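Chain by chain, the residues run as shown.
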Amino acid sequence: MALVFVLGDGFAQNQSNERNYEITVLGFKIGEMTANRSKSSDSTLYKVKSNVSFWFFGKVNVDFKLDSRFANNQVVWTRSFSKSNKGDFQSEVKWNGRHYEVDASTYKFENSKPIYDLITLSSVMLFFHEPKANQDFLGEVFGLVSKVKKISTNVYEVTINGNTNRYYYENGIMVKAEMQSPIKNYLIKLVN
């Protein structure tokens, strides 16, 4: 984990954190993921990017990027992009002052239903924050909200669009996540 302090615009102090993960299927490494959190005086920006390559009735390559900005402890906007040889997808969730506008498109799924409750937790935050039981959780890619379920000490589950993901924490840091996907289930494991 790298911890860096730099001076930003207007001499505001920014703080950046980065964590690296490997992505595996059945014990075989298929890709890598980097999660980054940077704080400024008025907001926090979370970024996740990954690239994977695996076999699913042919070779599948996926580059994924997710950016989410939080201000006043709530989601302000989030954007995700998936580029693959099986199709390109983009999702956006944005607070307009009254509700979240949703424009989500991913593999075999689309959603444009607004979200009216303020959201304080999303998937990209889970790399840096251990959630609480029954907390509302935004799945950015789907633009859907679900409740966090505590399974045991430092282990949580979230089901979004029929996919149940399980997150494991040590000292408040996500060390592992078991992810369900309509294409292939996979494991995310902390490298450093």
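Residues numbered from 1 in each chain as written. Predicted model: local features only at pLDDT ≥ 70, side-chain atom pairs only at ≥ 80, totals over all residues. Heavy atoms only, no water.

Engineer: Looking at this structure, I do not really get empty space enclosed by the protein. What am I missing?
Structural biologist: With a probe scaled to a water molecule rolled over the atoms, the places where space remains empty come into view. Taken as a whole and judged by the stated rule, the model has one cavity of 30 Å³ or more. As a volume, the largest cavity reaches approximately 940 Å³. In terms of residue class, the lining of the largest cavity is built from 25 nonpolar, 11 polar and three charged. (1 Å grid on protein atoms, 1.4 Å probe; cavity = no way out; pocket = protein on both sides within 12 Å on 5 of 7 lines; lining within 4 Å. Points joined across faces, edges and corners; volume = space filled by probe spheres on them. Nonpolar A, V, L, I, M, F, W, Y, C, P; charged D, E, K, R; others polar.)

Engineer: What should I look at first to understand the environment of His129 in this one?
Structural biologist: When you line up the elements, His129 lands in the loop between strand E9 (109-111) and strand E10 (136-139). For His129 and Asn85, which are 44 residues apart along the polypeptide, the C-alpha to C-alpha distance reads 33 Å. Beyond its immediate sequence surroundings of up to four residues, His129 is in contact with Arg37, Tyr46, Tyr169 and Gly172. Within the structure, the side chain of His129 is placed 2.7 Å from the side chain of Tyr46, a separation counted as a polar contact. (Helix = DSSP H or I, 4+ residues; strand = E, 2+ residues; numbered from the N terminus. Contact = heavy atoms within 4.5 Å. Polar contact = N/O pair within 3.5 Å; in protein donor to acceptor, adjacent residues only side chain to side chain.)

Engineer: Just to check I follow, could you spell out the pairing of strand E6 (residues 74-84) for this structure?
Structural biologist: A regular strand carries its side chains on alternate faces of the sheet. Pairing geometry for strand E5 (residues 59-71) and E6, over 10 bridges, is antiparallel. Directly across from Leu66, in E6, lies its bridge partner Ser80. The antiparallel hairpin formed by E5 and E6 contains two residues in its connecting segment, where Asn72 sits at a positive phi of about 50°. Note: E6 against strand E7 (residues 87-95), eight bridges, orientation antiparallel. Note on E7: the bridge partner recorded for Ser80 is Ser91. Taking the residues that link successive antiparallel strands as the turn, the E6-E7 hairpin has two residues. (Pairing = 2+ DSSP bridges.)

Engineer: What is the right way to look at the layout of surface pockets in this model?
Structural biologist: There is about 220 Å³ of room inside the largest pocket. Lining the largest pocket are 14 residues, with Thr44, Tyr46, Phe70, Asn73 and Met125 positioned closest to its centre. Going through the elements one at a time, strand E4 (44-55) and E5 are the ones with two or more residues in the lining of the largest pocket. A breakdown of the residues in the lining of the largest pocket according to their chemical character gives four nonpolar, eight polar and two charged.

Engineer: How do you make sense of the pairing of strand E11 (residues 144-147) when you look at a structure like this?
Structural biologist: Relative to E11, E10 runs antiparallel, the two sharing four bridges. Along E11, the bridge assignment pairs Asp136 with Lys147. Linking two consecutive strands that pair antiparallel, namely E10 and E11, is a turn of four residues; a positive phi of about 65° is found at Gly143 within it.

Engineer: Help me out: how do you make sense of the side chain of Glu140 in this one?
Structural biologist: Within the secondary structure layout, Glu140 lies in the loop between E10 and E11. Here Glu140 occupies a buried position and makes no salt bridge, while the nearest side chain of opposite charge, Arg79, is found at 12 Å. At 3.3 Å, the side chain of Glu140 forms a polar contact with the backbone nitrogen of Val124. For Glu140, the residues in contact, after removing those within four places along its chain, are Leu66, Ser68, Thr78, Ser91, Val93, Ser122, Ser123 and Val124. (Buried < 20%, exposed > 50% of the residue type's maximum accessible area, 1.4 Å probe, protein only. Lys, Arg positive; Asp, Glu negative; His and termini not counted. Salt bridge = Lys/Arg side-chain N within 4 Å of Asp/Glu carboxyl O.)

Engineer: What is the right way to look at the packing of aromatic side chains in this model?
Structural biologist: Here the structure, examined in full by the defined rule, presents six aromatic pairs. Members of the aromatic cluster, connected to one another through ring pairs, are Tyr46, Phe70 and Phe128. Lying across the ring of Trp77, Arg79 places its NZ or CZ 4.0 Å from the centre. In this structure, Lys176 is placed above the aromatic ring of Tyr168, and the distance from its NZ or CZ to the ring centre is 4.3 Å. (Phe/Tyr/Trp six-rings, centres within 6.5 Å; stacked < 30°, edge-to-face > 60°. Lys NZ or Arg CZ within 6 Å of the ring centre and 35° of its normal.)

Engineer: So what exactly am I meant to see when it comes to the side chain of Asn165 here?
Structural biologist: As for its placement among the helices and strands, Asn165 is situated in strand E14 (residues 163-170). Its relative accessible area of 10% is what places Asn165 among the buried residues. A polar atom in the side chain of Asn165 sits 2.9 Å from the backbone nitrogen of Gln180. Not counting the four nearest positions on each side in its chain, Asn165 is found in contact with Tyr156, Glu157, Val158, Glu178, Met179 and Gln180.

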